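# A look at the structure
If you want the building blocks of each chain, they are given just below.
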Amino acid sequence: MSARVKRRDFIVFLGGAAAWPLAAWAQQPAMPVIGFLRSTSLADATGLITAFRQGLKEAGFVDGQNVAIEFRSAEDHVDRLPALVADLLRRPVAVIVGNNNSAIVAKAATATIPIVFATGTDPVQEGLVASLNRPGGNVTGVSFLNNLLGAKRLELLRQLVPKATTIGVLVNPKPDTEAERRDVQAAALALGLQLIILDVSSDRDIETAFATFVQRGVSALLVGGGAFLFSNRERIVALAARHSLPAGYNNRDSVVAGGLMSYATSIPDAYRQAGIYTGRILKSEKPADLPVMQATKFEFVINLKTAKALGLTIPSGVLAHADEVIE
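Structural notes, computed from the coordinates. (Residues numbered from 1 in each chain as written. Predicted model: local features only at pLDDT ≥ 70, side-chain atom pairs only at ≥ 80, totals over all residues. Heavy atoms only, no water.)

### Let's talk about the sheet that holds strand E7 (residues 194-199)
Where we set the bar: When DSSP locates at least two bridges between a pair of strands, those strands are taken to pair. Secondary structure follows DSSP: runs of H or I at least 4 residues long count as helices, runs of E at least 2 residues long count as strands, and numbering of each begins at the N terminus. Axes here refer to lines fitted to C-alpha atoms; in helices the fit is confined to the stretch in contact. Angles between the N-to-C directions go from 0 to 180 degrees. Contacts: residue pairs with any heavy atoms within 4.5 Å of one another.
Reading across the sheet, the seven strands line up as E7-E6-E8-E9-E10-E12-E13 and stay open at both edges, with mixed pairing between neighbours. With partners counted over all chains shown, the strands left at the sheet margins are E7 and strand E13 (324-326), one partner each. Each adjacent strand pair in this sheet contributes to an overall mean axis angle of 20°, direction not counted. When strand E6 (residues 166-171) meets E7, the two strands line up parallel, connected through six bridges. Paired with Val 169 across the bridge in E7 is Ile 197. Most of the contacts of helix H9 (residues 233-242) go to strand E9 (residues 247-249), to which it runs at about 160°, and overall it touches E6, strand E8 (220-223) and E9.

Here it is, written out as C-alpha cells:
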C-alpha cells in the first residue's frame, strides 16, 4: 500500500470520526431556555436569583448543564417590559419567570408560553389567574402576599417605638399596593395613630418624602411593598438613618442593610418555590394544573445595632418573638 493510499484512508477515517459526533449532537434535544424577567434591577435581586436556581436544582435542573437562563431587566422602567418580553419570545424561551409587573405584561403577550410569577399581591385580583386552586391558561406561580401584612408591621413597629404617634408611610402608587394602603389606614385608626402617607415613584420623590416627614414631625416610618421600594431599599435605609427614623419594612434585606425591623413572608423562599414550579413545567406539567402556591414562611427580624443607634430598648417579650436578631 502506497503512502498516498494510506494518507487517503487516514483522512477518510478522520472525516467519518468527525462526522459521527456532529450527527449525534444534531439529534440531541436543544437545551430549554428560561426567560427570567424583572421590572426592577437584577443587581438588587441576587439573593432571589440564587434561591430560584436552588428551586430549579431541587426539580432536577442546573443552569448551564441541562437548562439555560436568559436574564432581562426593565431597570424600573415598566414601559420597557413589552419589548423585553417580545425579545424573550423571539429567543424563544420555554418558560418566562417574572415578578408581578413582568408577569402581567408577559401574559398580555402570549397565551401559549408558560409563565411563572412571584408576586406580593393577590394574583386573582391582578388578573394573572382565574383562581388560586385552578389557575387556568398558561400562568401560575407563588404569592407571598407581603402587601397584605401592613397592619401587622404597623403593630410591631408601635411595640418597638411606643412613643410614636405620627407615622410616615412610603407607598408606591400602583394598583397592587391599594390593599396595603387600606390595611394600614384601618390599623392606624384602631391604634389611635396619625398617618402621613406619601406616594413615591422616583428617586427625587423619595428624597422629597423624607424632607416632608421631618417637617411634619414624623417619629417612625413604615415602608410599603412593591418592586420599586424594594429596589431602592438601601437608599431608604440610609435616609431613615440620617433622619433618625425607626422604620419597619416588608423584607429582611432592608433590615440586613440597617433597617430597624421587618415582618414578611420570605421572598427568597417564594423564588425557590417558583424555581421548583419552573422545573416541573419543563418536565411537561401544565401551568393550568399547578395551583398557585401561597408562602407560609413568615419572618420577624430585628436589627439590635440599629435599635441601639436610635436609642431604643427592645422589650424582652418582643425579642422573644423575633425569628432573627441581627447584632
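We are not done yet, so read on.
### Overview of the sheet that holds strand E11 (residues 293-294)
The strand order across the open sheet built from six strands is E2-E1-E3-E4-E5-E11, with neighbouring strands paired in parallel fashion. In this open sheet, the two edge strands, each paired with only one partner strand, are strand E2 (68-73) and E11. Sheet topology note: the strand E4 (residues 115-119)/strand E5 (residues 139-143) ladder contains five bridges and is parallel. Its bridge partner lying in E5, Thr 119 is registered against Ser 143. Its contacts with the sheet put helix H4 (residues 100-109) on strand E1 (33-38), strand E3 (95-98), E4 and E5, and the angle it makes with E4 is roughly 150°.

### Some remarks on the pairing of E5
As a reminder of what qualifies: Classification of residues uses two cut-offs on accessible area relative to the type maximum, computed with a 1.4 Å probe and protein chains only: under 20% is buried, over 50% is exposed, and between them is partly exposed.
By the criterion of burial, E5 is predominantly enclosed, with five of the five residues buried. Pairing between E5 and E11: two bridges, direction parallel. What sits directly across from Ser 143, in E11, is Gln 294.

### Focus on the packing of aromatic side chains
So the rule is basically this: Ring pairs shown here join Phe, Tyr and Trp side chains whose ring centres sit within 6.5 Å, with only the six-membered ring taken for Trp; geometry is labelled stacked below 30 degrees between planes, edge-to-face above 60, and tilted in between.
For the structure shown, the criterion picks out five aromatic pairs. Ring centres of Phe 36 and Phe 71 lie 5.5 Å apart, and the angle between their planes is 55°; on these two criteria the pair is classed as tilted. Pair noted here: Phe 36 is in strand E1 and Phe 71 is in strand E2, with a separation of 35 residues, a long-range link. The buried category is assigned to Phe 36, whose relative accessible area is 1%. With a centroid separation of 6.2 Å and an interplanar angle of 80°, the aromatic rings of Phe 210 and Phe 213 are classed as edge-to-face. In this pair, Phe 210 and Phe 213 are both assigned in helix H7 (residues 203-215), three residues apart and thus about one turn of the helix distant. By relative accessible area, which is 0% here, Phe 210 ends up buried.

Nothing here speaks to function; it is geometry throughout.
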